[in-house]
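The lines below spell out each chain.
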Amino acid sequence: MTLRYNDVIANSRESIFKTDMTSKSKMTKPRSGRFSVPADAFVEQFTQSVSYDQRLYHYDIMGSIAHACMLAKVGVLTEEECSQIVRGLETIEAEIKQNKFNWDTALEDVHMNIEAALIERIGDAGKKLHTGRSRNDQVATDLRLYLRAEVEAICQSLENVMLTLLDLAGREAGTIMPGFTHLQTAQPITFGHHMLAWFEMLYRDRTRLADCQQRINVLPLGAGALAGTSYPIDRAHTAKLLGFADITENSLDAVSDRDFAIEFCGCAALIMMHLSRFSEELILWLSQAFDFISLDDAWCTGSSIMPQKKNPDIPELVRGKTARVYGHLVSLLALMKAQPLAYNRDNQEDKEALFDTIDTVKACLQAYAGMIPAISVRADNMREAAQQGYSTATDLADYLVRKGVAFRDAHAAVGQAVQYALNAQKALSELTLKELQKFSATIANDVFACLTLEGSVAARKHFGGTAPAQVKAAIQRGRKRLEQIMVKKE
Ligand code: ARG
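The model shown is predicted, which means the values in this text are computed figures rather than measured ones.

J.: Outline the overall build of the chain, supporting the account with residue identities and numerical values.
T.: In terms of helices and strands, the chain carries 21 helices and six strands. Computed over its C-alpha atoms, the radius of gyration of the chain comes to 30 Å, more than 25% above the 23 Å expected for a compact globule of 490 residues. With the C-alpha coordinates aligned to their principal axes, the bounding extent of the chain is approximately 100 × 55 × 40 Å. A total of 490 residues make up the chain; the buried ones form 50% of that total.

J.: Outline helix H8 (residues 135–171), listing residues and values.
T.: Its 37 residues give H8 an end-to-end C-alpha distance of 54 Å, which sits within 8% of 54 Å, the value for a rise of 1.5 Å per residue. Along H8, 29 of the 37 residues are buried, which leaves the element largely enclosed by surrounding structure. A side-chain oxygen of the first residue of H8 lies 2.8 Å from the backbone nitrogen of Asn136; this N-cap is Ser134.

J.: Describe the site of the ligand, and please don't skip the residues or the numbers.
T.: The immediate surroundings of the ligand are formed by Ser49, Asp109, His111, Arg135, Asn136, Val139, Tyr343, Arg345, Gln348 and Lys351. One nitrogen or oxygen atom from the side chain of Tyr343 is found 2.5 Å from an oxygen atom belonging to the ligand. Between the ligand and the protein, one listed contact pairs a nitrogen atom with a side-chain N or O atom of Gln348 at 2.8 Å. Burial of the ligand by the protein chains amounts to 87% of its free accessible area of 340 Å². Broken down by element, the shell around the ligand gets its largest block of residues, three residues, from H8.

J.: Break down unusual backbone geometry for me, with residues and values.
T.: Cis geometry marks the peptide bond from Leu341 to Ala342; its omega dihedral reads 0°. Positionally, Ala342 belongs in the loop between helix H13 (313–337) and helix H14 (350–371). Positive phi outside glycine occurs at Leu183, with the angle close to 60°. Here Leu183 falls in the exposed class, since its relative accessible area comes to 51%. One non-glycine residue, Gln425, lies in the positive phi region at around 55°. Residue placement: Gln425 occurs in the loop between helix H17 (407–424) and helix H18 (433–437).

J.: Now, about the pattern of salt bridges: what can you tell me, with residues and values included?
T.: In the structure shown here, the tally under the stated rule is 26 salt bridges. In this structure, Glu95 engages Arg121 in a salt bridge whose closest nitrogen and oxygen atoms are separated by 2.6 Å. Of this pair, Glu95 sits in helix H5 (residues 79–97) while Arg121 is found in helix H6 (residues 110–122), placing the two residues 26 residues apart along the sequence. The residue Arg135 makes a salt bridge to Asp109 at a minimum N-O spacing of 2.7 Å. Pair noted here: Arg135 is in helix H8 and Asp109 is in the loop between H5 and H6, with a separation of 26 residues, a long-range link. When salt bridges that share partners are traced, they join Glu108, Asp109, Arg135 and Arg345 into one network.

J.: Now, about the pairing of strand S1 (residues 176–181): what can you tell me, with residues and values included?
T.: Note: S1 against strand S2 (residues 184–190), six bridges, orientation antiparallel. Looking at S2, one finds that Phe180 is bridged to Thr185. Connecting S1 to the next strand, S2, in antiparallel fashion are two residues, including His182 with a positive phi near 55°.

Definitions and limits used
- Residues numbered from 1 in each chain as written.
- Predicted model: local features only at pLDDT ≥ 70, side-chain atom pairs only at ≥ 80, totals over all residues.
- Heavy atoms only, no water.
- Helix = DSSP H or I, 4+ residues; strand = E, 2+ residues; numbered from the N terminus.
- Rg over C-alpha atoms; globule rule 2.2 N^0.38 Å.
- Buried < 20%, exposed > 50% of the residue type's maximum accessible area, 1.4 Å probe, protein only.
- Expected span 1.5 Å × (residues − 1).
- Polar contact = N/O pair within 3.5 Å; in protein donor to acceptor, adjacent residues only side chain to side chain.
- Near = heavy atom within 4 Å.
- Areas by Shrake-Rupley, 256 points an atom, 1.4 Å probe, with all protein chains shown as cover.
- Salt bridge = Lys/Arg side-chain N within 4 Å of Asp/Glu carboxyl O.
- Pairing = 2+ DSSP bridges.

And the structure:
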């Protein structure tokens, strides 16, 4: 049984347009028996979820096949009934993939649509599929199977982006740029070091997803509507067939909580927060005021009125799309907060928020994997900017400390030197030795080496520092760390 993401989104998106929203169906299955009249047309439209939850069809069928096999194993179904069900479900899956399946809103959701189609095709055996199961544990299972596959796909996309960052950092390991605090020039750094900061953020995002995956990968099936089932089910067998690492302990919890989806949305919100900050920097660096980088034409857009414009719309859209992902996280938290145990229909509202979160994160990661290699660095401009703003003032203070001056005294002396240089409209390195000695008699001719940009970055050669040699070492370690998680996933 393959659990990998396989065009589910593409398929389900197309088939939304095939959904019969007017419902000519006579099969009002969810209401059979108990109700004397069909649902009001408005009620049918208001309660349906098939127009969007059909996206889960592959996982619904996968879960049903495992459930049927388990029922056959424990003797609730015959082998013959089980194989009829499996064959029937496989035919239905093929029809859905070919866009030949007619989704019907009268059948509410993906689960009822597929079950009804199965009964239509194979008759009595199909009527036995739902034995010992409820849509409540079914939908929880579908959602976990679906999310597990999507998280795997997102992890791969994150890894792709991280690889492009390591490549760019490697190319620009020694390229000098100004480092900022408060967006004011602070100290010189290397561009490679800056890229590795983004690598670290995405690396943590990747490990967070792996952690979240452990709580997604748990089988809720068997919880029934809420209280379990009276059939002699073998949940461990179902879990094994579906590749779940664990089985939920409590049936009420299993059908009602969506914390695994919320946790994923939290991980997604953090990914987007990182991409949004990254976008903000790219937008600044691409502006004429900074002009630190350029982006290949294929990754920019034009203006409808200003012919000269080349706009950074891709990072702007990523920054903008971060808002909706935050919104979905808050929606899901709010959706859960007042629900009594166990399942409530409120939970149907989890899907669109979750689906859109997944689509958005995937698209934004794809954008970044393509855009990062399209970045070219304007090393001269960055160097020039690093030279401004007295970015090596800390190096001068550190120099004085090495000569025996206490750091606070050194800080004060350099502050005065900076003020003097500002008035003289000179850089620190342009002051003469005599001028510098006015602020501390300990200053000697060797001071000029540490006032250069290269001297400044090279001095920060400890683990985690910005020195080009450290950046190269960090890239090596980054590749190894990344390989380790990539290997674990297989
Ligand atoms: N469409 C429903 C959902 O997404 C499936 C479960 C419905 N269960 C029920 N008892 N009405 O949550």
